[in-house]
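Chain and residue survey
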Amino acid sequence: METKETKVLAGAHTSAAGGVFNALLEGQSIAATTIQFFTSNQKQWAGRPLSDETVDAWKRAKDTSGIEVTMSHDSYLINLGCPDEENLFKSRKAFKEEIERCHALDVTYLNFHPGAALKESREACLDKIVESLLELEGVVAKGKTRLLLEMTAGQGSSVGCTFEEVGYIIDRVKDRLPVGVCIDTCHIFVAGYDIRTPEGWETTLQSFDQAIGLSHLYAMHLNDSAKGLGSRVDRHSFLGQGMIGLPCFETVMRHPSLRHLPKYLETPGGPPQWIEELKLLRSYYDKGPSR
Ligand SMILES: [Zn+2]
Ligand SMILES: [Zn+2]
């Protein structure tokens, strides 16, 4: 149960084009209280280390932005469960550099996609992800950033589309690393979890609690879905204009186990649309806890 009323933590994945501090400014321009962003070009292996000027500009912008919680999204190229040795090595190196950039910027959470099995079994992939994470224990310990495994849509061979798979990883690393989970509403819906109604959310949260433990849930991506329940196809839609519908988003803004979590829009419209969607989310939040 919620003991005290906290400020709503809602924002979007904002653009860091031209410098990471721009992600904060864009967040400020849409009245966000939290942002997700890329610390480097997400489509290139070699992430640039951040200069002192970049870090200073970030800190100055953060002080006046009203942004309280920050989350980085790792590069789409990284696969910590990759069966191929060369790409696994590249992935681990890139992920280590990502963690270091998060530490330099004092980023709260690093959201990452667990990995893809490709030609190997899902079990082997999960074990390789665990091994990759444990190998980074020393690096992670140097800062405060918590690593969040994002629930995936289960497209292709990507793992992490069931609470059991993510629970398997969390169980094996949680005593050595600060980890947690980020639920993406579009992803879990197309992975088969029916979150269209408050009752559906209750069932889903019970499964989450059994397989992972609700205390490990730290953040949410709020997206509607262009594709149907269980379709395993990841296409984000505007809130209320996809197959999930608005009751899902009202539930997450009011549910005692979910309303305090930082939430990020990754809907297609960009800043003008996000301003409206954030207004809607705040209006749900302001109705108070659902019980
Ligand atoms: Zn997402
Ligand atoms: Zn997605």
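Attention here is on the structure that accompanies the text.

Reading the values: rules and limits
Residues numbered from 1 in each chain as written. Chains lettered and ligands numbered in written order. Predicted model: local features only at pLDDT ≥ 70, side-chain atom pairs only at ≥ 80, totals over all residues. Heavy atoms only, no water. Donors = N, O, S within 2.8 Å, 3.2 Å for Na, K, Ca; no water. Helix = DSSP H or I, 4+ residues; strand = E, 2+ residues; numbered from the N terminus. Buried < 20%, exposed > 50% of the residue type's maximum accessible area, 1.4 Å probe, protein only. Lys, Arg positive; Asp, Glu negative; His and termini not counted. Salt bridge = Lys/Arg side-chain N within 4 Å of Asp/Glu carboxyl O. Polar contact = N/O pair within 3.5 Å; in protein donor to acceptor, adjacent residues only side chain to side chain. Contact = heavy atoms within 4.5 Å. Axes fitted to C-alpha atoms, helices over the stretch in contact; angles between N-to-C directions. Parallel < 35°, antiparallel > 145°, perpendicular 65-115°, else oblique. Left-handed = near helix turned anticlockwise from the far one by under 90°. Nonpolar A, V, L, I, M, F, W, Y, C, P; charged D, E, K, R; others polar. Core = buried A, V, L, I, M, F, W, Y, C linked by side-chain atoms within 4.5 Å. Pairing = 2+ DSSP bridges.

What to know about the coordination of the zinc ion (ligand 1)
Looking at the metal site, the zinc ion (ligand 1) is ligated by E150 (OE), D184 (OD), H221 (ND1) and E266 (OE), spaced 2.2 to 2.3 Å from it. On the primary sequence, the residues serving as donors to the zinc ion (ligand 1) are separated as E-x33-D-x36-H-x44-E. A separation of 4.4 Å is found between the zinc ion (ligand 1) and the zinc ion (ligand 2). In this pair, H221 is assigned in strand β7 (residues 217–222) and E266 in the loop between β10 (263–265) and α10 (271–286), connecting sequence segments 45 residues apart. Here H221 matches E266 in class, with each residue buried.

Regarding the side chain of E150
The residue E150 is located in strand β5 (residues 146–150) in this model. It is R235 that comes nearest to the buried, bridge-free E150 among opposite-charge side chains, at 13 Å. Here N111 takes part through its side chain, which lies 2.8 Å from a polar atom of the side chain of E150. In contact with E150, other than residues within four places in its own chain, are H73, N111, F112, H113, P114, G160, C182, D184, H187, H221 and E266.

Here we look at the packing of helix α3 (residues 85–104) against helix α4 (residues 122–135)
Closest axis-to-axis distance for the α3/α4 pair is 11 Å, and the angle between their directions is 40°. Judged by the angle between their axes, α3 and α4 are oblique. As for the relative orientation of α3 and α4, their crossing is right-handed in sense. Counted together, L88, R92 and F95 of α3 and K128, E131, S132, L133 and E135 of α4 form the full contact between these two elements. Along the lines of polarity and charge, the residues of the contact of α3 with α4 split into 3 nonpolar, 1 polar and 4 charged.

Brief notes about unusual backbone geometry
Although it is not a glycine, D106 adopts a positive phi angle of roughly 55°. With respect to the helices and strands, the residue D106 is situated in the loop between α3 and β4 (109–112). Notably, R232 is not glycine yet its phi reads approximately 60°, a positive angle. Inspection of the secondary structure puts R232 in the loop between β8 (224–225) and β9 (236–237). Residue R232 is classed as partly exposed on the basis of its relative accessible area of 35%.

Details of the nonpolar core
One finds F95, L133, L147, W201 and L281 to be the most contacted residues of the largest nonpolar core, which totals 73 residues. Excluding residues within four positions of it along the chain, L147 makes contact with F95, I99, L110, F112, L133, V140, P178, V179 and G180. Of all hydrophobic cores here, the second largest spans 8 residues; its members include L9, Y109, C182 and Y264.

Some remarks on the sheet that holds strand β6 (residues 179–184)
Read once around its circumference, the closed barrel built from 8 strands follows the order β1-β2-β3-β4-β5-β6-β7-β10, with strand pairing classed as parallel. The mean angle between the axes of side-by-side strands here comes to 25°, regardless of whether they run parallel or antiparallel. Pairing of β4 with β5 involves 4 bridges; the strand directions are parallel. Looking across to β5, one finds that N111 is bridged to L148.

Points about the pattern of salt bridges
Taken as a whole, this structure holds 15 salt bridges when the rule is applied. In this structure, D171 and K174 form a salt bridge, with 3.2 Å as the shortest nitrogen-oxygen distance. Its relative accessible area of 33% is what places K174 among the partly exposed residues. The closest approach of N and O atoms between K279 and E276, which form a salt bridge, is 3.6 Å. Residue K279 and its partner E276 are located together in helix α10, separated by 3 residues, close to a single helical turn.

From the geometry alone we can't say anything about function, so treat these as descriptive.
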